[in-house]
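Reading the structure
Residue-level listing of the chains:
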Amino acid sequence: MSENLHLCKCLFCLKNYPNGNFVTKSVYYRHRKRNQMSIEEESSNSEQEENVEEKDINLNLKNNEVSIINYNLLNIYLLINKI
Ligand SMILES: [Zn+2]
């Protein structure tokens, strides 16, 4: 055992070894690269989801506004008819 071992704390290793896993240098770098890629993928996915949620909220706001305008128009209509 002349090869130095590195403590790997990538997502994959933490799943099996919560305190990190001792791996060889080449495995360590491979895991680190893969870990980086999966994190970037996750963050870009969550960004997209956030945008969709924001759109939904905007749509809901618009719908509320429209219903308020309709309500006001109805009130005006009723008022005019009363007079
Ligand atoms: Zn690892």
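Definitions and limits used
Residues numbered from 1 in each chain as written. Predicted model: local features only at pLDDT ≥ 70, side-chain atom pairs only at ≥ 80, totals over all residues. Helix = DSSP H or I, 4+ residues; strand = E, 2+ residues; numbered from the N terminus. Buried ≥ 20, exposed ≤ 12 C-beta atoms within 10 Å, placed from the backbone. pLDDT = per-residue confidence, 0-100.

What follows concerns the overall build of the chain. Within the chain, the regular secondary structure consists of two helices and two strands. Put simply, the chain runs from its N terminus to its C terminus through helices and strands in the order β-α-β-α. Residue burial in the chain is summarised as follows: out of 83 residues, 6% are buried.

Moving on, we get to the confidence of the model for the chain. Of all residues in the chain, 87% attain a pLDDT of 70 or more, and the chain-wide mean is 82. In the model of the chain, helix α2 (residues 25–82) stands out as the element of lowest mean pLDDT, 79, in contrast to strand β2 (residues 21–24), which has the highest, 95.

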